[in-house]
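What the coordinates show
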Amino acid sequence: MKPSLTIIGNGFVGSYFLKQYSESFSKIITTSKRSKKHPRSTHHYNFDFYNEKVTLPTTDIAILSIPFSRQLTDPFEYEKGMISLKDNLKKYKKVIFLGSTSIYPLANTTINENHEIDNSKRANTLANCEQFLLKICKKTFILRLGGICGYERNSQKKINTPFI
């Protein structure tokens, strides 16, 4: 029997994941702040996790693909948004959190799991979110992605974007 899936934050990464792997799931729930329902999604919810609380249907697996907005004036807003999902997250058998390598300081060396995290507010907030998920979810996987580019998404095309 195929598992069911929820993608919370079905943007760039989630859409390409569904394009490749949607046939592996019996039911697919997607969410986004403002995007339309993905063609391979069974059901879609629009909500802003920074400002709204929502109850999602239960599925076997959840992928948390909510990027940490660089426009946040207070990084703790991201953590509060993650905490607002607590009741939903407890229901999933597996949670996959798409984190970021920006949790680590910039270094011209190989980094591993034992490396200290950066002392920035953003890195500390991401670390807090990871710990929160590891504590409340049945089974949690943390994937720290870095430098996502491709197709129309290219960080070099953005002008006047501050690097934090």
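Okay, so let's go over this structure. Since the model is a prediction, treat every value here as computed from it, not as a measurement. (Residues numbered from 1 in each chain as written. Predicted model: local features only at pLDDT ≥ 70, side-chain atom pairs only at ≥ 80, totals over all residues. Heavy atoms only, no water.)

1. Quick look at the overall build of the protein
- Broken down by element type, the protein carries 4 helices and 6 strands.
- Helices and strands in the protein line up, N terminus first, as β-α-β-β-β-α-α-β-α-β.
- Counting all 164 residues of the protein, 38% fall into the buried class.
- As presented, the protein carries roughly 10,400 Å² of accessible surface, and 52% of it is formed by carbon and sulfur atoms. (Helix = DSSP H or I, 4+ residues; strand = E, 2+ residues; numbered from the N terminus. Buried < 20%, exposed > 50% of the residue type's maximum accessible area, 1.4 Å probe, protein only. Areas by Shrake-Rupley, 256 points an atom, 1.4 Å probe, with all protein chains shown as cover.)

2. Let's talk about the pattern of salt bridges
- Within the structure shown, the criterion is met by 5 salt bridges.
- In this structure, the salt-bridge partner of Lys 93 is Asp 60, at a minimum N-O distance of 3.2 Å. Placement of the pair is Lys 93 in the loop between α3 (86–89) and β5 (94–100) and Asp 60 in the loop between β3 (43–46) and β4 (61–64), with a sequence separation of 33 residues.
- Taken together, the salt bridges that share partners define one network made up of Glu 113, Glu 130 and Arg 144. (Salt bridge = Lys/Arg side-chain N within 4 Å of Asp/Glu carboxyl O.)

3. Focus: the packing of helix α2 (residues 76–84) against helix α4 (residues 121–136)
- Between α2 and α4, the shortest axis-to-axis distance is 9 Å and the interhelical angle comes to 15°. Put simply, α2 runs roughly parallel to α4. Our pair here, α2 against α4, has a crossing hand that is right-handed. Here α2 contributes Phe 76, Tyr 78, Glu 79, Met 82 and Ile 83 to the contact with α4, which in turn contributes Thr 125, Leu 126, Asn 128, Cys 129, Phe 132 and Leu 133.
- A per-class count over the contact of α2 with α4 returns 8 nonpolar, 2 polar and 1 charged. (Axes fitted to C-alpha atoms, helices over the stretch in contact; angles between N-to-C directions. Parallel < 35°, antiparallel > 145°, perpendicular 65-115°, else oblique. Left-handed = near helix turned anticlockwise from the far one by under 90°. Contact = heavy atoms within 4.5 Å. Nonpolar A, V, L, I, M, F, W, Y, C, P; charged D, E, K, R; others polar.)

4. A short note on the nonpolar core
- Formed by 27 residues in total, the largest nonpolar core has its most connected members in Ile 8, Leu 64, Tyr 78, Met 82, Leu 85 and Leu 89.
- Among the elements of the structure, β4, α2, β5 and α4 are those that each provide at least two residues to this core.
- Here this core takes 7 residues from α4, the largest share from any one element.
- Among all residues touching Leu 89, those that are not within four sequence positions of it are Ile 8, Leu 64, Met 82, Val 95, Phe 132, Leu 133, Ile 136 and Cys 137.
- Ile 7, Leu 18, Ile 61 and Ile 63 belong to the second largest nonpolar core, which has 8 residues in total. (Core = buried A, V, L, I, M, F, W, Y, C linked by side-chain atoms within 4.5 Å.)

5. Let's talk about the sheet that holds strand β6 (residues 140–145)
- As summarised here, the arrangement of the 6 strands in space is β3-β2-β1-β4-β5-β6, forming an open sheet in which the pairing is parallel. Both outer strands of the open sheet, β3 and β6, are each paired with one neighbouring strand and no more. The mean inter-strand angle of the sheet, taken between neighbouring strand axes irrespective of direction, is 15°.
- Both strand β1 (residues 5–8) and strand β2 (residues 28–32) contribute to a ladder of 4 bridges, which runs parallel. Of the residues in β2, the one forming a bridge with Leu 5 is Ile 28.
- Each of β1, β2, β4 and β5 touches helix α1 (residues 12–21); the most contacted strand, β1, lies at about 155° to it.
- Contacts between α4 and the sheet are confined to β4, β5 and β6, with β5 contributing the most and set at about 170° to the helix. (Pairing = 2+ DSSP bridges.)

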